[in-house]
Every structure is written in C-alpha cells, then in structure tokens.
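# Coordinate analysis (summary)
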Amino acid sequence: MIKVFKYTLIDLARNRAMLGYALLLLLVSEGLFQLEGDPMKAFLGLVQVVIALVPLIAMLFTIVYGYDVLEFTQLLAVQPIGRSAILGGQVLALSVSLLLAQGFGLGLPLLVHFPTRVALVLTVTGSALVLVFSALGTLIALSQREKARGVGIGLGVWFVFVLVYDALLMWLMFALSDRPIEPWVVPLAALDPIDLARIMVMLEVDLAAMMGYSGALYKEFFGSTGGMAVALGTLMLWIVVPIAFAFRTFRGKDL
Amino acid sequence: MKRLFATVVPFILFVATMMARVVPHAANGAVPLTQRLKEALPGDTILVSGEVREGTLTIDRPMALIGAAGAVIDGDDAGDVVVITADDVTVQGFTVRGSRISDMHDNAGIKVLDRARAHIVDNFLDGCFFGIYLSGSRDAVVQGNRVVGHPQRENRMGNGIHLWHCHNVRILDNLVRDHRDGIYFEFVTDTRIERNKSLHNLRYGLHFMFSNRNAYSYNRFQDNGAGVAVMYSHHMEMRHNRFLSNRGASSYGLLLKEINDGVLEDNEFADNTTGLLVDGCNRFRIVDNSFRANGWALRLFANATACVITRNLFVGNTFDLSTNGDLMLNDINGNYWDRYVGYDLDRDGYGDVPYRPLGFFGLLVERMPYAMVFSRSLLVALLDQAERLIPTLTPLAMKDDHPLMRMPNG
C-alpha cells in the first residue's frame, strides 16, 4: 500500500491539472485579498469558493483521475498486491495531494492575510469537504465503466448537494410553514455535507445575527458538545461510507 | 444707618465665607459623622477618613463631604446611604455601599432630592441597589464615579445612575456596570452625557424616557442586554458613541422609538444583533455612522418618516437593512455598502445604478427566522441576485440611488 501511495503521489505531483488547480486557488485567494480593501469581505468571497467550487473540483478530479489511471490499476492488479492495498494507496495519495493543493492555494493566503479563528474553521471544514467529495468521486468512478457517465453523475451529485437539496428544504419550509418545523430545519440541513460545512463557518461569521430569534436553536444544536459531535460525526460518515462502498465495489470488480 | 448696614452685611457674609471651616473627621472617633453634619455651618468642608457606618446620612445644608483615600460610607442596609437635601453640596472621593435592596423604595448610594448644583465626583458605588439617584434636581454634576452592581444579583439591581425630573445635569466620565439600566433618564431636559462607559448591564446601557433636548457623546455601551434606548423624546443629539456587542434575541445597539428631530452622527455600531432600530421617528438625521459585523445593521420600520440616512458605512453585516412594511418615506442616499457591485462611469464617486439593501433573503428571514440556516448558501445568493435585478417582493423605494463607490474616510 505504501508503495502504491508513493507512486500515485509522484504521478499526481506531475499532474498538470493538479498543479493548475493549486495555482488557480492561490490566484483566486490572493486576488480576492488584493482587490478587496476589507479582508473580511475577501474572506466571505473565499467562503463561497470553498462551499461551491472546492467540492466540485475535488470530485471531478477524483473521477477523471480514476479513469485515467485505469490501465495502471490493471497493471497493479496482476501483481501480487491485494486490491485493498491498491485502492487504499490511490485514495490516500489523492486525498493527500488534494489537501496539499488546497493548503497551498487557500490555507497559505489565509494564513498571510487573515490569520483568524474563522479562517481556521474554514480551512478545517474545507478540508473535510475535499475528503467527502473525493470519497464520493472514488465511488462514482468505480461504479461506472464509462468516463462520460461518471463525470455526469459527479456533476449531478454536486448540483444536488450545493443547490437542489437547499431548494427542496426551502420549499418544504414554505409548504409546512404553519407547522412547528423549526426543530427539524437545522438537523435536516446538516445532513448535506456542504450545508453542514457552511453552517459551521457561518456560526463564526454571522454570530451576531445567529444570536437573534433563532439563536437558541443553533446554540442548542451546535453549542452543545453533543451537537458538535453529531456534526463532525455526520461529516465523518460522509467520508467513511462512500469509501467503504468503494472498497467493496473494487474488490469484486472485473477490471 | 441704612448705608452702614449695606456695607457691613456683605462684609460679614464675606468673612463668614472666609471662615468656612475644614473639619477633619476620623471614623470611629468620639463624635459620629451624623453629629458633625448637624453642627456644620453652610460652606463647611468635612474631610472624612476611615469607614463610617451610621445608617443613612442626610446632608441638609450647603457643604462639601470629602473622603480621604480609602474613606468608606457604609449604609449598613438601612435604606439610602447618603441623602442630599440642600443646594450646593459636594460629595467626593468615597466608597459608598450598603443601600438596601427593596421592592418598595428606590434606595440609593447617593440620592439628591429636589435641589440644585449637587456635585457627585470620584466616588465608587459598590453594589448599591440604585447607584446615584437624582430626583427633581437641576444644574448637578456627576463626574468620574464608578458605579458597579453585583454581577450575581444583577436581576435584583436598580439603575446605576438614575435621573427623574431633572434639568441641566452633566454626567461625565463615569463607569457603570452590572446594574439594571446603566444610566436611566425620565423627564430629564437639557442634559449632557459624555465619555461614560456603560457595560454588562442587564437591560439598557442608557435609557431615555420622555426626555427632551439631551445630548450624549463619546460614550461606550458594551455587552448590555440592549445598548441604548431613546423613547418618546425630541431634539436629541447622539455623537461619537460606540455601541458594541449588544447581543440577544430582542437586543440592539440603539433603539429610537418615537423620536422627533434628532441627530445621530459619527457613531460606531459593531457586533450587535441589531445595530440600530428606528421605530416611529420623524425628521431624524443618521449621518456618518459606521455599521460593522452586525446581524442586522439597520432596522428601519415603515412608520419612520422624513429621516435622512446618508454617508453611513455598512461593512460585514449579515443584513444591511430590514423593514416591516411596504412604505418607505425616508431619504436613503450616498451611503457606502460593501455588497454594492455597481459601476461609476461618470467618475463622481457615486455608483450609477441604485443599491437595494433589502434582499430576498432578508425578507425571508424576517418571516421565517429559522431560514437563517441558508445564510451564505449558493441558493440564497442566486435568489438575492434575482430579487435585486427584478425587485418583486421588496419595497421599490427601499434603495440608495447614489451609493458611495469607496469607503468614506475615517
């Protein structure tokens, strides 16, 4: 597994798309901080980038890479290496390189221009999002034989998490607005990893507004250690479950 | 004879003034302070050292009661601690404590009843029920006092500095904390409040009721239940104050309720749940203030009319503006909004397209507070943008026609 990890990592380090992604992130972050006079405003722009763009790129990259290294994977599979070791090494290498790219493109500018608690929260939740969507991407790439289909499903999944789920939830809120649905809104939103990450950042940024009418609700859910554990546990599940399914698929897969 | 009289009487008075004595008084000596107060001549100064514990002290003639370093007056839970019932009394330099908490009487550390020109300076009011209490007084000065309640018994505390039916008082350089209202004004006119700090009070940092022509400036109001409430008053001036971290469900930095003809200028609102709440105000000028990182920077109710809102700074607020109706009869113009994305082709410093501070999401949260979960999501960003391009839900008049392109200096 270590060897697979090492060679995949070396391969990824030479991958132009990965380098381009890291540089693009750096450009966007730096650009925001240079253009905006107020670092807080730049930071809020970065929040949008992390919430919308980072999951998309993490997932698409994982999917495309999964198809690109298929021949190499086949070659590895005929060697006396266990399948779990192959996939484990590849997933680990992908995760590490995506996190490194994000650390370089996002973490570094934040550290330089905006070293605050909120920035740390964004970095951590952003990293969690990378892992979640990389895991989902792995599963998609393994369960679809055709590349175009895999990429399409990936786009669809991203679209659901970033927009459709929220729209459905908002529609539900309107539809049931005369019923006591308040206690359900936060837990339901927290089922979506992107929403969960966003809420965790927002609890830092919009704290003043959060202390308004519904403040008690959020405090109840996230303020308690139990709530925070549930939030982190949900994120962990979003990483572990797809990966587990990916391993199962890969073990029984006819390469 | 008459002439002689006219010469001699002023002379005698002059001599009497010159002879005004300074009487040192050591607590726990042979003579109690109560007796010294009874024997004092008008204009005397009593210099107290040590800890006086004689129940309520009443000062009923013009004089000065000065505390040496470490001087304490303890009311021993008898009721009020120091009561002033004469003009021209100075109380300075004491630690005052032990006014009884009561549901029937407003027992205070230092109380002035219906008199003029009291000077209450540099005292420390330690856990008094009411701190400094002026009733029916005029031309008084309250300066440099520290008025601190009991943080544990906050819900049983009275007001820190309490004024009732007063005129022309100056409240300067005081620190008030852990009381019910920090500074409370009812039926008070022509008074100035400057450079005070009002922190951690249960209700308001500063509270005006039916008090006209007052000015407060250079004060700091922080971590109070609600910052400042100005109600049912007219001709108020508020300048250079800081309203910070007043957080909670119904909390705000500054509440203006039924205020006519006032000025709010050069103030700073930061980290409040609601920065400024304007409810039923007429002809009020809101100019050159900065609103940063508030939940709602400005809540402007539809019953406010002819208010002028200009050259204010709105940065990093969750919501810049909200309202509760369709009517907008105020002049919002030339403010800086950090969310504005317009352009300025004629280079006059003002954006060429109006800014609509009220978004779809703001309205949504107004109706369904728990919709806050969607804050900063892609969905909300899209819906907000759509509403700004084609306003259908937000009041049409709710806009800034000439938003500033750059932050005003300072």
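Residues numbered from 1 in each chain as written. Chains lettered and ligands numbered in written order. Predicted model: local features only at pLDDT ≥ 70, side-chain atom pairs only at ≥ 80, totals over all residues.

## Topic: the overall build of chain B
Filter applied, for reference: Helix and strand labels come from DSSP, where a helix needs a run of H or I of at least four residues and a strand needs a run of E of at least two; each type is numbered from the N terminus. Three exposure classes are used, all based on how many other C-beta atoms lie within 10 Å of a residue's own C-beta (placed from the backbone): buried at 20 or more, exposed at 12 or fewer, and partly exposed between those limits. With C-beta atoms placed from the backbone, a contact is any residue pair whose C-beta atoms sit within 7 Å.
Scanning chain B from terminus to terminus reveals 4 helices and 39 strands. Expressed along its principal axes, the backbone C-alpha trace of chain B runs to roughly 90 × 55 × 35 Å. In chain B, which comprises 410 residues, the share counted as buried stands at 46%. Put simply, 43% of the contacts in chain B that link residues at least 6 apart link residues at least 24 apart.

## Digging into the overall build of chain A
Stated formally: For the radius of gyration, the atom set is restricted to C-alpha positions; the globular benchmark scales as 2.2 Å times the number of residues to the power 0.38.
When you go through chain A residue by residue, the secondary structure sums to 12 helices and 0 strands. Against the globule reference of 18 Å for 255 residues, chain A gives a C-alpha radius of gyration of 20 Å, in line with a compact fold. Along the first, second and third principal axes, the C-alpha atoms of chain A reach 60 × 45 × 35 Å. By the burial criterion, 42% of the 255 residues in chain A qualify as buried. Restricting to contacts in chain A with at least 6 residues of sequence separation, those with at least 24 account for 81%.

## What to know about the interface of chain A and chain B
Our working rule: Only Asp, Glu, Lys and Arg are considered charged in this grouping, and only Ala, Val, Leu, Ile, Met, Phe, Trp, Tyr, Cys and Pro are considered nonpolar; every other residue, Gly among them, is considered polar.
In this assembly, 32 residues from chain A lie in contact with 28 residues from chain B. Mapped by element, the contributors of at least two residues to the side of chain A that touches chain B are helix 3 (39-68), helix 7 (147-175), helix 8 (182-190), helix 9 (193-205), helix 10 (207-210) and helix 11 (215-223) of chain A. Here the side of chain A that touches chain B takes 6 residues from helix 7 of chain A, the largest share from any one element. In terms of residue class, the side of chain A that touches chain B is made up of 20 nonpolar, 5 polar and 7 charged.

## Brief notes about the domain arrangement of chain B
Residues and elements named next belong to chain B. To keep it simple, the criterion reads: For each domain, the first and last residues come from an automatic or database assignment.
Along its sequence, chain B is carved into domain 1 (21-224) and domain 2 (228-358 + 395-410). For domain 1 and domain 2, the distance between their C-alpha centroids amounts to 36 Å. When residues of the side of domain 1 that touches domain 2 are traced back to their parent elements, those giving at least two are strand 22 (204-209), strand 23 (215-217) and strand 24 (220-222). The dominant element in the side of domain 1 that touches domain 2, judged by the number of residues it contributes, is strand 22, at 6 residues. For the side of domain 1 that touches domain 2, the class distribution of residues is 9 nonpolar, 9 polar and 3 charged.

## So, helix 3 (residues 360-367) of chain B
Working note: α-helix, 3.6 residues per turn, so residues spaced by three or four point in the same direction. Residue and element names in this part refer to chain B. Put simply, the rule is: Read the arc as the range of directions from the helix axis to the C-beta atoms.
Among all positions in helix 3, only F361, G362, L364 and V365 are buried. Along helix 3, the residues classed as buried sweep out an arc of 160° about the axis, all on the same side. Where helix 3 is buried, its residues meet strand 37 (319-322) and helix 4 (378-389).

## Let's talk about the sheet that holds strand 28 (residues 254-260) of chain B
Residues and elements named next belong to chain B. To keep it simple, the criterion reads: We call two strands paired when DSSP finds no fewer than two bridges between them. Lines are fitted to the C-alpha atoms to define the axes, a helix being fitted only along its stretch in contact, and any angle between axes, read from their N-to-C directions, falls within 0 to 180 degrees.
With parallel pairing, 12 strands are arranged side by side in an open sheet as 4-7-10-13-16-19-22-25-28-31-34-37. Edge positions in the open sheet fall to strand 4 (57-59) and strand 37, since each of these has one partner strand only. When strand polarity is set aside, the average angle formed by the axes of neighbouring strands in this sheet is 10°. Bridge count between strand 7 (residues 82-84) and strand 10 (residues 108-113): 3 bridges; the pairing is parallel. Across the sheet, V82 pairs through a bridge with I110, a residue of strand 10.

## Considerations on the pairing of strand 9 (residues 95-99) of chain B
All names here are of chain B. Among the 5 residues that make up strand 9, 4 are buried, leaving the element largely enclosed by the rest of the structure. As paired strands, strand 6 (residues 72-79) and strand 9 are joined by 4 bridges and run parallel to one another. Note on strand 9: the bridge partner recorded for G79 is S99. In this structure, strand 9 lies alongside strand 12 (residues 124-126), joined through 3 bridges in parallel fashion. In the strand pairing of strand 12, R97 is matched with D126.

## Examining unusual backbone geometry
Residue and element names in this part refer to chain B. The phi torsion at D76 lies on the positive side, around 55°, for a residue other than glycine. Positionally, D76 belongs in strand 6. Within the chain, D271 stands out as a residue other than glycine whose phi angle is a positive 60°. Structurally, D271 can be placed in the loop between strand 30 (268-270) and strand 31 (274-279).

## Points about the confidence of the model for chain A
Heads up, the rule is: Here pLDDT means the predictor's own confidence in every residue, given as a number from 0 to 100.
Of the residues in chain A, 92% have a pLDDT of 70 or more, and the chain-wide mean is 88. Ranking the elements of chain A by mean pLDDT puts helix 11 of chain A last with 62 and helix 7 of chain A first with 94.

## Considerations on the environment of D77 of chain B
All names here are of chain B. If you trace the backbone, D77 turns up in strand 6. Distance in space between the C-alpha atoms of D77 and A27 is 18 Å, their sequence separation being 50 residues. Ignoring any residue separated from it by four or fewer positions in sequence, one finds D77 in contact with G98 and R100.

## Side note on the nonpolar core
Here is the rule we go by: The term nonpolar core means buried Ala, Val, Leu, Ile, Met, Phe, Trp, Tyr and Cys residues held together as one set by C-beta atoms within 7 Å.
With 177 residues, the main nonpolar core has V132 of chain A together with V82, I132, L256 and V373 of chain B as its most contacted residues. In terms of domain composition, this core takes at least three residues from each of domain 1 (21-224) and domain 2 (228-358 + 395-410) of chain B.

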